[in-house]
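Structural characterization, general
Chain by chain, the residues:
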Amino acid sequence: MNNESDRAEVLAALECVGFVTIFPEKRATRFIEAAKPAIYVKGGDYSSDTLNAEEQALLREIGAEVRILPFVRGYSTSELLEQLRQTIK
């Protein structure tokens, strides 16, 4: 529903966000290595168990704090699209 540029723009507008980037790879490893973030944030659909092991190792190596935001039900684009599909049927 919202492309990656639109989503990045919304995040970048938040005062507490210092930097937003879009990268072409599936994993953020190259980005993490280049940016060396102090804080690395993932959505609540991730956990320390599901975060990519290579990303975790690199984040530990650079001393980044990993924060996983709480998952908020009712705001999933996938769920919204499914609801729309069911309504259209």
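Residues numbered from 1 in each chain as written. Predicted model: local features only at pLDDT ≥ 70, side-chain atom pairs only at ≥ 80, totals over all residues. Heavy atoms only, no water.

Our next topic: the confidence of the model for the protein. Overall, the predicted model of the protein reaches an average pLDDT of 90, with 100% of residues at or above 70. The element-level mean pLDDT for the protein is lowest in helix H4 (residues 77–88), coming to 86, with helix H3 (residues 53–62) highest at 96. (pLDDT = per-residue confidence, 0-100. Helix = DSSP H or I, 4+ residues; strand = E, 2+ residues; numbered from the N terminus.)

Attention now goes to a nonpolar patch on the surface. A grouping of Met1, Leu80, Leu84 and Ile88 is seen on the molecular surface, where their side chains present a nonpolar patch of about 440 Å² in accessible area. By the secondary structure assignment, Leu80 is in helix H4. According to the relative accessible area criterion, Leu80 is partly exposed, its value standing at 37%. (Patch = residues over 30% accessible without salt bridge, like charges linked within 9 Å, V, L, I, M, F, W, Y side chains within 5 Å. Areas by Shrake-Rupley, 256 points an atom, 1.4 Å probe, with all protein chains shown as cover. Salt bridge = Lys/Arg side-chain N within 4 Å of Asp/Glu carboxyl O. Buried < 20%, exposed > 50% of the residue type's maximum accessible area, 1.4 Å probe, protein only.)

For the rest of this paragraph, the subject is unusual backbone geometry. Even without being glycine, Lys36 reaches a positive phi, approximately 45°. In this fold, Lys36 is placed in the loop between helix H2 (29–35) and strand S1 (39–42).

Another aspect to go through is the packing of aromatic side chains. Throughout the structure, instances matching the rule amount to one aromatic pair. When the centroid spacing of 5.9 Å and the interplanar angle of 10° are considered together, the rings of Phe23 and Phe31 count as stacked. For Phe31, a relative accessible area of 22% translates into the label partly exposed. When the ring centre of Tyr46 is taken as origin, the NZ or CZ atom of Lys42, which lies over that ring, is 4.0 Å away. (Phe/Tyr/Trp six-rings, centres within 6.5 Å; stacked < 30°, edge-to-face > 60°. Lys NZ or Arg CZ within 6 Å of the ring centre and 35° of its normal.)

Right, let's talk about the nonpolar core for a bit. Counting seven residues, the largest nonpolar core is built from Ala28, Ile32, Tyr40, Leu51, Leu58, Leu59 and Ala64. For Leu59, the residues in contact, after removing those within four places along its chain, are Ile32, Pro37, Tyr40, Leu51, Ala64 and Val66. (Core = buried A, V, L, I, M, F, W, Y, C linked by side-chain atoms within 4.5 Å. Contact = heavy atoms within 4.5 Å.)

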